[in-house]
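A closer look at the structure
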Amino acid sequence: MGLALRERRPVSGSEVVAERPDGTRVPFIAYPAPLENEAGEVTGGVNVLVDISQRKKTEAALRDSEARLRLALEAGQLAFWELNVVTGSITRGPGHDRIFGHEQPVPEWDYRAFLDQVLPEERARVESAYYAAIQHRTGAFIECRIRRLLDGEVRWIELQGQPQVEPGGRVVRHLGVVRDITDRKRTETILREKEARLRDLHSELLHVSRLSAAGEMASALAHELNQPLTAISSAVRAAQRTLLVAPQRKGSAGEIVEALDLAAEQAVRAGHIVRNLRDFVARDGEADKQIEDLSKLAEEAGALALVGAREHGVEVRSEFDPQLPPVLVDRIQIQQVLLNLMRNAVEAMRQDENDEAPSARKLTLSARRLGPDLVEVAVADTGPGLSPEIAARLFEPFVSNKPGGMGMGLSICRSIVEAHGGRLWAEPNAEGGTVFRFTLPAASTEAPSSA
Amino acid sequence: MTTEDVGLGPKTVHVIDDDAPVRRALAMLLRSAGIEAKLYASGPAFLDAVQDFNGVQCVLRTCACPA
């Protein structure tokens, strides 16, 4: 009031707190003004007191609301921004400029400044997303990479904005938040890589278990053959002995016929088992044939077949033609063949383990191109080699060179290779021992190589 | 294969095998040599059937046979 009277003009006073007689406090603002008479002399003053307690409450509520919003933004590591669509200028909330790599808040910021920090290869995508949001008056959701200003580090950010539409339907402002999602992106990438690796491992495991299941199934079925074979040999021996010892005895003819009947019947039974076994292992797997890298198949089969081979002093060599074309095969079946041949080779060389002066034990796995569409694989050992009798009947079922062997492996191998349109055979190894060779059709139709 | 030959009494071999054709063929083989064969599908079946083991001289069974 003093000021109003002294300067002879109305003034807007400051906030004052007054106490009512009942003790409650009321905030108000005073608007004092001088009163003048006609001569222009100040004769008094009036004071208008405005109760501002309601306004104070509203302001406090607003501050609370802002504090809560800031808390939410900070907790979400979000920074607020508001884009003026017409001018492109952007006002920002706390933390915004730090996300873009500025140590202190920058005085000016606009759409261009933002776009400058987006990686050049992503600018077109970001711009089209921005224009689409404005044109269609929709919310914008953009993930992109920026180069941080101070340290030059590339970071991932995520922008979310909502349009503010004027009554006329024009978008004038976009309100939104931005946050740095680099850590999340990094975690996502690691997770994706881990998942991919897990899938690889799983399919490997599935493959190995299928491979060993096929082997186990084959050996279980082969074991079944023991029964009819025992019956056949016993029955035939019985008939033979009866013929030799007591051919004239009463009833001996009937016994001989009965024994031979049983032998014939059991031979048929054995034949069924063999057929089942072949059907199982060398089923017509046209659908399973795929283009495969032979050296990879051999490497995997070798991992199983050559367990313990080095401990037995077997030196394993692999000679693959680098120009080797891929082959069209059933992976499981061809690995079964490779597995069998490699195991046979190792076992052939273990048989002379007690030799005084054991020769060098070398297993050589090789593959080369034989013609435009033919590949030859060889498994060579330096074992004792094959006797002529064994060599002549090598691929017949039940012929084995191994003590306790069922003589099924090579028979099955030949069935598999032939089902693939190839051939399997054995020949003496020039270094001593045996070489098993088989051919497979090449998958490519490239020009013939010089091999 | 377990063989016990006391060398006394009638020649009888108890054959235990779970495969019927194998049992029959073994019986034929034994009979062709003048040996009587008694056949059982399992170890328990043999133990149930034979009360007096003093008379048992030879038991033939396959190793892979269970029990």
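Every chain is numbered on its own, with residues counted from 1 as its sequence reads. All chains are assigned letters beginning at A, and all ligands numbers beginning at 1, according to the order in which they are written. The model is predicted, so local features are restricted to residues of pLDDT at least 70 and side-chain atom pairs to those at 80 or more, both for listing and for counting; the totals for chains, interfaces and linings are taken over all residues. In computing side-chain properties, one takes all heavy atoms of the structure into account and sets aside hydrogens as well as water.

Moving on, we come to the overall build of chain B. Along the backbone of chain B there are two helices and three strands. Reading the secondary structure of chain B in the N-to-C direction produces β-α-β-α-β. For chain B, with 67 residues in total, the buried portion stands at 40%. For every accessible area listed, the method is Shrake-Rupley and the probe measures 1.4 Å; residues are considered covered only by the protein chains on display. For chain B, the exposed area adds up to about 4000 Å²; of that, 58% sits on carbon and sulfur atoms. The helix count covers DSSP runs of H or I at least four residues long, the strand count covers runs of E at least two residues long, and both are numbered beginning at the N terminus. Burial classification: accessible surface area is computed with a 1.4 Å probe over protein chains only, and a residue below 20% of its type maximum counts as buried, one above 50% as exposed, and the rest as partly exposed.

Low-confidence regions, as indicated by low pLDDT, have predicted coordinates that should not be scrutinised in detail. Per-residue confidence from the prediction method is given by pLDDT, with values spanning 0 to 100. Residue-level pLDDT values for chain A average 83, and 86% of them are 70 or greater. Note on contacts: a residue pair is in contact if any heavy atoms of the two residues lie within 4.5 Å. Note on residues 446-451 of chain A: pLDDT under 50 across the span, and seven contacts to partners over four residues away in sequence or across chains.

With that settled, consider the confidence of the model for chain B. Residues and elements named next belong to chain B. With 72% of its residues at a pLDDT of 70 or more, chain B has an overall mean of 75. At the low end of the mean pLDDT range in chain B sits strand β3 (residues 58-61), at 73; at the high end sits helix α1 (residues 20-32), at 91. Long-range and interchain partners of residues 1-9, a stretch whose pLDDT sits below 50, account for 13 contacts in this model, where long-range means more than four residues apart. ipTM for the predicted complex: 0.76, alongside a pTM of 0.41.

For the rest of this paragraph, the subject is the sheet that holds strand β3 (residues 42-51) of chain A. What links the strands of a sheet is backbone hydrogen bonding, and the strands pair in either a parallel or an antiparallel sense. Residue and element names in this part refer to chain A. Read across the sheet, three strands follow the order β1-β2-β3 without closing on themselves; strand pairing throughout is antiparallel. Sheet topology places β1 (15-19) and β3 at the edges, where each strand pairs with a single neighbour. Between one strand and the next, the sheet's axes are offset by a mean angle of 45 degrees, whatever the strand orientation. Pairing between strands is defined by DSSP: at least two bridges between them are needed. Pairing geometry for strand β2 (residues 25-36) and β3, over nine bridges, is antiparallel. Bridged to Leu35 within β3 is Gly44. Angles shown run from 0 to 180 degrees and are taken between the N-to-C directions of axes, each axis being a line fitted to C-alpha atoms and, for helices, limited to the stretch in contact.

It is worth spelling out the packing of aromatic side chains at this point. How two aromatic rings sit relative to each other is set out by the distance from centre to centre and by the angle between their planes. Residues and elements named next belong to chain A. Note on aromatic contacts: the rings of Phe and Tyr and the six-membered ring of Trp form a pair at centre separations within 6.5 Å, being stacked when their planes are under 30 degrees apart, edge-to-face when over 60 apart, and tilted otherwise. Evaluation of the coordinates by the stated rule reveals six aromatic pairs over all chains. Look at Tyr111 and Phe114: their rings are 6.2 Å apart centre to centre, the planes differ by 40 degrees, and that puts the pair in the tilted class. Of the two residues, Tyr111 and Phe114 both sit in helix α4 (residues 111-117), three residues apart, roughly one turn of that helix. Of the two residues, Tyr111 and Phe114, neither departs from the other in class, the shared state being buried. Above the plane of the ring of Trp156 lies Lys185, whose end atom (NZ or CZ) is 4.4 Å from the centre. Two thresholds decide whether a charge sits over a ring: the Lys NZ or Arg CZ must be within 6 Å of the ring centre and within 35 degrees of the ring normal. Here the guanidinium or amino end of Arg423 rests over the ring plane of Trp425, the centre of that ring lying 4.4 Å away.

A few words on the packing of helix α10 (residues 331-350) of chain A against helix α12 (residues 409-419) of chain A. Residue and element names in this part refer to chain A. Two elements in contact, α10 and α12, have axes separated by 9 Å at closest approach and are oriented at 145 degrees. Here the hand of the crossing between α10 and α12 comes out left-handed. Facing Gln333, Ile334, Gln336, Val337, Asn340, Leu341 and Asn344 of α10, the residues of α12 in contact are Gly409, Leu410, Cys413, Ile416 and Val417. In this classification, the charged set is Asp, Glu, Lys and Arg, the nonpolar set is Ala, Val, Leu, Ile, Met, Phe, Trp, Tyr, Cys and Pro, and all remaining amino acids, among them Gly, are polar. Among the residues forming the contact of α10 with α12, the class breakdown is seven nonpolar, five polar and no charged. Crossing handedness is defined as follows: a turn of the near helix away from the far one that is anticlockwise and smaller than a right angle gives a left-handed crossing, while the clockwise case is right-handed.

What follows concerns helix α7 (residues 226-245) of chain A. Relative to the 28 Å expected for 20 residues at 1.5 Å per residue, α7(A) spans 28 Å between its end C-alpha atoms, a close match to the ideal helical length. Among the residues of α7(A), those classed as buried are Pro228(A), Ala231(A), Ile232(A), Ser234(A), Ala235(A), Ala238(A), Ala239(A) and Thr242(A). Expected helix span is computed as 1.5 Å times (number of residues minus one).

Residue and element names in this part refer to chain B. Here α1 spans 18 Å end to end across 13 residues, near enough to the 18 Å set by a 1.5 Å rise per residue. Among all positions of α1, only Pro21, Val22, Arg23, Ala25, Leu26, Ala27, Met28, Leu30 and Ser32 are buried. Downstream of α1 by a residue or two, Gly34 has a phi angle that is positive, lying close to 80 degrees.

This part takes up the interface of chain B and chain A. At the interface, twelve residues of chain B touch 15 residues of chain A. Buried area between chain B and chain A, both sides added, is near 1200 Å², and the carbon and sulfur share of it is 64%. Once two parts are put together, the accessible area they lose, assessed with a 1.4 Å probe and summed over both, is termed the buried area. If you sort the residues of chain B by the area they bury against chain A, Met28(B), Leu29(B) and Ser32(B) come out on top, with a joint share of 39%. Definition used for salt bridges: Asp or Glu carboxyl oxygen within 4 Å of a side-chain nitrogen of Lys or Arg. Across the chain B-chain A interface, the total number found is two salt bridges. In this structure, Arg269(A) engages Asp19(B) in a salt bridge whose closest nitrogen and oxygen atoms are separated by 2.8 Å. Residues adjacent in sequence count toward polar contacts only when both atoms are side-chain atoms; beyond that, a polar contact is any pair of N or O atoms within 3.5 Å, and within protein one must be able to donate a hydrogen and the other to accept it. Applying the counting criterion to the chain B and chain A interface returns two residue pairs in polar contact (both at pLDDT 80 or more). Looking at side-chain class alone, the side of chain B that touches chain A contains seven nonpolar, one polar and four charged residues.

All names here are of chain A. Strands sit in the order β5-β4-β8-β7-β6 across an open sheet of five strands; the sheet is antiparallel. Each having just a single partner strand, β5 (90-92) and β6 (140-147) make up the two edges of the open sheet. Between one strand axis and the next, the sheet turns through 25 degrees on average, direction left out of account. Bridge count for strand β4 (residues 79-84) against strand β8 (residues 171-180) is six bridges, and the pairing is antiparallel. Each residue of the ladder has a partner; that of Ala79, found in β8, is Val178. Contacts from helix α5 (residues 120-135) reach β4, β6 and β8, with the element oriented near 155 degrees to β6.

This part is about the nonpolar core. All names here are of chain A. Among the nonpolar cores identified, the biggest contains 39 residues, and Leu294, Leu338, Leu341, Met342, Leu363 and Phe438 are the most heavily contacted of them. Sorting the residues of this core by element identifies α9 (294-305), β11 (327-330), α10, β12 (361-371), β13 (374-380), α12 and β15 (434-441) as the ones contributing at least two each. Element by element, the count of residues in this core is highest for α10, at nine residues. Core analysis: the next-biggest nonpolar cluster, separate from the first, contains 22 residues, Ala79, Leu115, Val118 and Ile157 among them. We call a set of buried residues a nonpolar core when its members are Ala, Val, Leu, Ile, Met, Phe, Trp, Tyr or Cys and they connect through side-chain atoms within 4.5 Å of each other.

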